[in-house]
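Reading the structure
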Amino acid sequence: MATLAEQVQGERMARVALSMIAEPNDPTTGYVLARYGGVETLRLIESDDEVPGLARADLLMWCERLTAHVMPGLLDQVAQAERHGFGTLIPADKEWPAGLNDLGERAPYLLWTRGAASFLMTPLSDRATITGARAATAYGEQVAGELATGLVDEERAVVSGGAFGIEGAAHKSVLAASGQTIAVLAGGLDRPYPAGHSELLSRIGDVGLLVSELPPGAAPTRHRFLARNRLLAALSGVTVIPEASPRSGSMTTVLAARELGRGVGAVPGPVTSVTSAGPNKLIKQGFASLVTQPSDVIGLLDGDPNSGRAVTRPAGREFGHGHPSQGTPGRSL
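A few points on the structure. (Residues numbered from 1 in each chain as written. Predicted model: local features only at pLDDT ≥ 70, side-chain atom pairs only at ≥ 80, totals over all residues. Heavy atoms only, no water.)

A few points about the packing of helix 7 (residues 166–176) against helix 8 (residues 198–207)
Direction vectors running N to C along helix 7 and helix 8 enclose 45°, while the axes themselves pass 11 Å from each other. On the basis of their axis angle, the class for helix 7 and helix 8 is oblique. Like other packed secondary-structure pairs, helix 7 and helix 8 cross with a definite hand, here left-handed. Of the residues in helix 8, those in contact with Gly168, His171, Lys172 and Leu175 of helix 7 are Leu200, Arg203, Ile204 and Val207. (Axes fitted to C-alpha atoms, helices over the stretch in contact; angles between N-to-C directions. Helix = DSSP H or I, 4+ residues; strand = E, 2+ residues; numbered from the N terminus. Parallel < 35°, antiparallel > 145°, perpendicular 65-115°, else oblique. Left-handed = near helix turned anticlockwise from the far one by under 90°. Contact = heavy atoms within 4.5 Å.)

What about the packing of helix 3 (residues 27–45) against helix 4 (residues 56–67)?
When two helices pack together, their arrangement is given by the angle between the helix axes and by the axis-to-axis distance. Between helix 3 and helix 4, whose axes approach to 13 Å, the crossing angle comes to 60°. Taken together, the axis directions place helix 3 and helix 4 in an arrangement best described as oblique. Relative to helix 4, the crossing made by helix 3 is right-handed. Here helix 3 contributes Thr28, Thr29, Val32, Thr41, Leu44 and Ile45 to the contact with helix 4, which in turn contributes Trp62, Cys63, Leu66 and Thr67. Classifying every residue of the contact of helix 3 with helix 4 gives six nonpolar, four polar and no charged. (Nonpolar A, V, L, I, M, F, W, Y, C, P; charged D, E, K, R; others polar.)

Looking at the pattern of salt bridges
Scanning the model with the defined rule gives 14 salt bridges in all. Across the salt bridge formed by Arg106 and Glu259, the nearest N and O atoms sit 3.8 Å from each other. Pair noted here: Arg106 is in the loop between strand 1 (87–89) and strand 2 (111–115) and Glu259 is in helix 10 (residues 251–259), with a separation of 153 residues, a long-range link. Here Arg106 falls in the partly exposed class, since its relative accessible area comes to 34%. On the basis of relative accessible area, Glu259 is assigned to the exposed category, the value being 62%. Between Glu213 and Arg230 there is a salt bridge; the shortest N-O distance is 2.8 Å. Separated by 17 residues along the polypeptide, Glu213 in the loop between strand 6 (209–212) and helix 9 (222–234) and Arg230 in helix 9 bring together distant segments of the chain. Residue class for Glu213 comes out buried when judged on its relative accessible area of 5%. Within this structure, Glu40, Arg43 and Asp49 form a network of salt bridges that share partners. (Salt bridge = Lys/Arg side-chain N within 4 Å of Asp/Glu carboxyl O. Buried < 20%, exposed > 50% of the residue type's maximum accessible area, 1.4 Å probe, protein only.)

Comments concerning unusual backbone geometry
For the bond running from Tyr193 to Pro194, omega is 0°, close enough to zero to count as cis. Of note, Pro194 is situated in the loop between strand 5 (181–185) and helix 8. Phi angles above zero are rare outside glycine, and Glu155 is one such case at about 60°. Along the chain, Glu155 falls in the loop between helix 6 (138–153) and strand 4 (157–160). Judged by its relative accessible area of 72%, Glu155 is exposed. One non-glycine residue, Ser178, lies in the positive phi region at around 60°. Along the chain, the position of Ser178 falls in the loop between helix 7 and strand 5.

Structure below.
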């Protein structure tokens with residue numbers, strides 16, 4: 001019987017298949033893929049060949065783990081996934097975001113997309129990630145929305161994860177201001193999560209961009225959320241945290257951004273608020289620049305943590321005034 005590598009046609013199909021059998025951010029898969037490409041990686045999974053630099057025991061465990069997911073109908077699943085109408089990006093594509101290459105062996109095997117993939121072709125300084133607490137306060141959501149709107153004023157795109165709280169507020173404000181937003185999901189693009197944001201994510205897919213490294217049908221898991229956070233950091237020049245507890249999963253996005261040499265900004269908040277404890281701690285320890293207005297984020301994007309370009313904002317957009325903008329609901333998929 002022909003092996004999986006013998007049945008796939010080209011690098012793109014090989015990486016699509018790989019995304020279906022290997023978990024994101026798998027160090028061994030990343031190591032082999034970076035050196036040999038998708039087709040050869042599939043061949044090595046089903047072979048007994050040595051891989052220089054990998055211990056024999058580690059190689060055998062890797063092959064066993066991935067082979068368990070190579071089902072007889074896998075190529076049918078590949079074809080079915082392509083019929084969903086989602087796009088795919090691999091490193092050879094012009095739309096592939098160069099910032100992901102900074103992840104090295106931790107780069108995604110490919111990206112599944114729905115929407116304007118051209119948003120990924122701009123420089124890192126044209127994109128900022130806003131992430132933080134799901135159980136955000138009204139203060140946190142207002143600040144996130146005003147930061148997002150200020151970035152739109154300066155023609156910068158906002159990257160976030162589509163979750164409740166801080167991320168949802170950022171996306172909605174960008175849509176209300178007719179700006180560019182990118183939602184990076186931790187599951188298949190056909191399984192919007194959270195379900196309560198189905199209309200929001202559908203709207204982003206219509207006028208913005210949905211991105212995932214997971215194939216259609218894949219469910220979000222804790223590991224996949226944590227793996228997704230490295231993409232949130234790598235896709236932007238700056239990551240901003242308006243609110244998050246010190247133990248929030250979004251704090252791993254900050255760690256990833258620091259490892260990549262990206263800028264990090266945090267919004268100070270009340271010392272009595274657990275959701276402000278994370279940003280306050282980052283500022284206190286010198287891990288993040290203090291952000292109190294959109295121009296601070298612009299300054300970080302432009303390489304100057306002390307002074308940003310002036311951002312022209314309508315009256316009432318200072319923090320603490322008015323309400324966060326709300327986007328219009330989109331139609332369902």
